Amino acid sequence: MDTVFIEGLTVETVIGVYDWERNVRQTLSVDLEMGFDVANAMASDNLKDTLNYAEVANDIQQLAGNHQCLLLEAFVGILLDQLIQKYHLPWVRIKVRKLGAVANAASVGLVVERGSR
Ligand SMILES: Nc1nc2c(c(=O)[nH]1)N=C([C@H](O)[C@@H](O)CO)CN2
């Protein structure tokens, strides 16, 4: 299976379990790999035959602006449900970093994989 990916997409969102986190936007960095057969686009050279990573990046930005999750797990769950359903993804792997959330750590976060390659 081929992979279409987005790396280091930063989004601003309200996220966190502590009181102070409910009143600020924090930055998440998203790395996303999506299983997709690009053979048709290789042959046609046409955007409509592939998975448009710019459209997916826009979806992630929209979702970040429209939700105020407590946990990263909830954010990732909503995101994966939406992407799998919209783009019929057979396999997806996502890494979401919450930047500067924990003292002395550059980032903390989750890696979640769904489906099979
Ligand atoms: N597994 C998780 N652990 C923690 C989360 C989370 O979303 N998933 N969130 C927090 C706080 O919001 C933290 O980011 C604030 O520093 C703590 N642990």
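In what follows, the structure referred to is the one given above.
Computed from a predicted model, the values in this text were never measured in an experiment.

Go over the site of the ligand with me, naming the residues and quoting the values.
Around the ligand, the structure places Gly 16, Val 17, Tyr 18, Glu 21, Leu 71, Leu 72, Glu 73, Lys 98 and Ala 101. Lys 98 is positioned such that a nitrogen or oxygen atom in its side chain is 2.8 Å from an oxygen atom of the ligand. In the environment of the ligand, an oxygen atom lies 2.9 Å from a nitrogen or oxygen atom belonging to the backbone of Ala 101. Calculation on the ligand without its partners gives an accessible area of 410 Å², and the protein chains cover 69% of this total. Of the pockets mapped on this structure, the ligand occupies the largest pocket.

Outline unusual backbone geometry, listing residues and values.
The backbone of Asp 45 sits at a positive phi, close to 60 degrees, despite the residue not being glycine. Along the chain, Asp 45 turns up in the loop between α1 (39-44) and α2 (53-66). Its relative accessible area of 73% is what places Asp 45 among the exposed residues.

Run through the environment of Val 11, naming residues and quoting values.
Examined against the element boundaries, Val 11 turns out to sit in strand β1 (residues 3-13). For the pair Val 11 and Ala 57, spaced 46 residues apart in sequence, the C-alpha separation works out to 9.6 Å. Apart from the residues lying within four places of it in its own chain, the contact partners of Val 11 are Gln 26, Thr 27, Leu 28, Ile 60, Gln 61 and Ala 64.

Requested: an account of the pattern of salt bridges, with residues and values cited.
In the structure shown here, the tally under the stated rule is six salt bridges. For Lys 98, the salt bridge identified is with Glu 21, shortest N-O distance 2.8 Å. Placement of the pair is Lys 98 in strand β3 (residues 91-99) and Glu 21 in the loop between β1 and β2 (26-35), with a sequence separation of 77 residues. Owing to a relative accessible area of 9%, Lys 98 belongs among the buried residues under this scheme. Here the salt bridges do not stand alone but share partners, grouping Glu 55, Asp 59 and Lys 86 into one network.

Describe the side chain of Asp 59, and please don't skip the residues or the numbers.
For Asp 59, the position within the fold is in helix α2. The class for Asp 59 is buried, based on a relative accessible area of 8%. Those residues in contact with Asp 59 that lie beyond four places of it in its chain are Gln 82, Leu 83, Lys 86 and Tyr 87.

Can you lay out the sheet that holds β3 for me, pointing to particular residues and giving the numbers?
Taking strand neighbours across the sheet as the criterion, the four strands line up as β1-β2-β3-β4 in an open arrangement whose pairing is antiparallel. Edge strands, defined here as strands with exactly one partner in the open sheet, are β1 and β4 (107-115). Going from strand to strand, the sheet's axes swing by 15 degrees on average, the running direction of each strand aside. Along the sheet face, helix α3 (residues 72-87) touches β2, β3 and β4 and points at about 35 degrees away from the line of β4.

Criteria and cut-off values
- Residues numbered from 1 in each chain as written.
- Predicted model: local features only at pLDDT ≥ 70, side-chain atom pairs only at ≥ 80, totals over all residues.
- Heavy atoms only, no water.
- Near = heavy atom within 4 Å.
- Polar contact = N/O pair within 3.5 Å; in protein donor to acceptor, adjacent residues only side chain to side chain.
- Areas by Shrake-Rupley, 256 points an atom, 1.4 Å probe, with all protein chains shown as cover.
- 1 Å grid on protein atoms, 1.4 Å probe; cavity = no way out; pocket = protein on both sides within 12 Å on 5 of 7 lines; lining within 4 Å.
- Sits in = over half its atoms within 2 Å of the grid points.
- Helix = DSSP H or I, 4+ residues; strand = E, 2+ residues; numbered from the N terminus.
- Buried < 20%, exposed > 50% of the residue type's maximum accessible area, 1.4 Å probe, protein only.
- Contact = heavy atoms within 4.5 Å.
- Salt bridge = Lys/Arg side-chain N within 4 Å of Asp/Glu carboxyl O.
- Pairing = 2+ DSSP bridges.
- Axes fitted to C-alpha atoms, helices over the stretch in contact; angles between N-to-C directions.

None of the figures reported here should be taken as evidence of function without further support.
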